[in-house]
Amino acid sequence: MAVQDLGRLDGKVAIVTGASRGIGQAIAVKFAEEGAHVIAAARNAADLADTVAQGDGRIVGQQCDVQHADAVKALVDRATNDFGALDVMVNNAGVALQDLLVDTTEADWDTTMNTNVKGTFWGVKFAIPAMKAGGSIINLGSITSFAGEQTSSAYVTSKGAVLMLTKNAAAETARLGIRVNIICPGPVDTPMARVYFEATTGSAERTEEITRMYAPLTGLIPTDDIARAALFLATEESRSMTGSSLLIDGGLLASWDHIES
Ligand code: NAP
């Protein structure tokens, strides 16, 4: 059954980082379909064209590397200067490296932390003063905010940190009418997940089998399912939620005994 677009974000202004593909693109397009003006950001500005094209005139693209404070501040300034407000900030940009801990270089550790943790920190920090009428900040965690893996220590550490950043920011901003929540997906059908699983499994077919084992309800989760969760967190439908985690994992963390090696 198709979910109807009801104008649930009419007149709202949103920023979505990491919006050139995958989860961020799905969120940006969903928000625009629901009436928001969206600033979509990524490092490669040319890659944002596809997202902008799907926005029916309500998505603008802006080059931004979230590792850098000035670039994230420029997104927030564009929202307030060009659109008059900032209502929703989605800190989605992220990178995932799969190395074993003993093979992780300082450069890889720093890139992961600077993108996933510091990038989210800048997004939260600069959004708060811009949300003068209250607002919703949505961070992207992962099932690895709650459980480790047999590789990817830097990534897992970063997503654990984003969970606690979310909770602390929620505690600091509740009195300002700003809500800060985190979406924690299992395996979502994006380029990031395909690269990850196909490097491990060796083929698209084996990836389907393995992800169905990991996430027995869904296998690879459609990006639209994460976008609809973001829409819920962006609107008044979630008005009593802050510091909360939405785990969307197709049943992955419901038990431990459905995963075979
Ligand atoms: P993806 O397909 O690799 O897309 C990542 C997006 O982030 C791209 O638009 C990329 O564009 C952008 N990006 C990367 N580094 C950036 C930076 N420093 N500054 C600005 N933009 C940057 O990833 P995805 O699978 O959609 O994942 C999105 C988020 O969900 C991530 O935080 C990820 O950790 C989380 N997540 C994903 C899954 C999954 O299974 N896919 C599961 C759990 C959590 P550029 O390269 O042009 O910058």
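Our subject is the structure that appears above.
All figures in this text were calculated on a predicted structure; none of them were measured in a lab.

Calculation criteria
Residues numbered from 1 in each chain as written. Predicted model: local features only at pLDDT ≥ 70, side-chain atom pairs only at ≥ 80, totals over all residues. Heavy atoms only, no water. Helix = DSSP H or I, 4+ residues; strand = E, 2+ residues; numbered from the N terminus. Buried < 20%, exposed > 50% of the residue type's maximum accessible area, 1.4 Å probe, protein only. Lys, Arg positive; Asp, Glu negative; His and termini not counted. Salt bridge = Lys/Arg side-chain N within 4 Å of Asp/Glu carboxyl O. Contact = heavy atoms within 4.5 Å. Patch = residues over 30% accessible without salt bridge, like charges linked within 9 Å, V, L, I, M, F, W, Y side chains within 5 Å. Areas by Shrake-Rupley, 256 points an atom, 1.4 Å probe, with all protein chains shown as cover.

Draft legend 1. Region of the structure containing the side chain of K159. Its place among the elements puts K159 in helix α5 (residues 153-173). E149 provides the closest opposite charge to the buried, salt-bridge-free K159, at an N-O distance of 11 Å. Residues within four places of K159 in sequence aside, it is in contact with N116, L140, G141, S142, T144 and S145.

Draft legend 2. Quick look at unusual backbone geometry. A positive phi angle, close to 50 degrees, is found at D56, a residue other than glycine. Along the polypeptide, D56 turns up in the loop between α2 (49-53) and β3 (59-63). The phi dihedral of S152 is positive, around 65 degrees, even though this residue is not glycine. Looking at S152, the relative accessible area reads 2%, which means it is buried.

Draft legend 3. Structural view of a nonpolar patch on the surface. A cluster of nonpolar side chains, contributed by L100, L101 and V102, occupies part of the molecular surface with about 330 Å² of accessible area. Mapped onto the secondary structure, L101 falls in the loop between β4 (88-91) and α4 (106-130).

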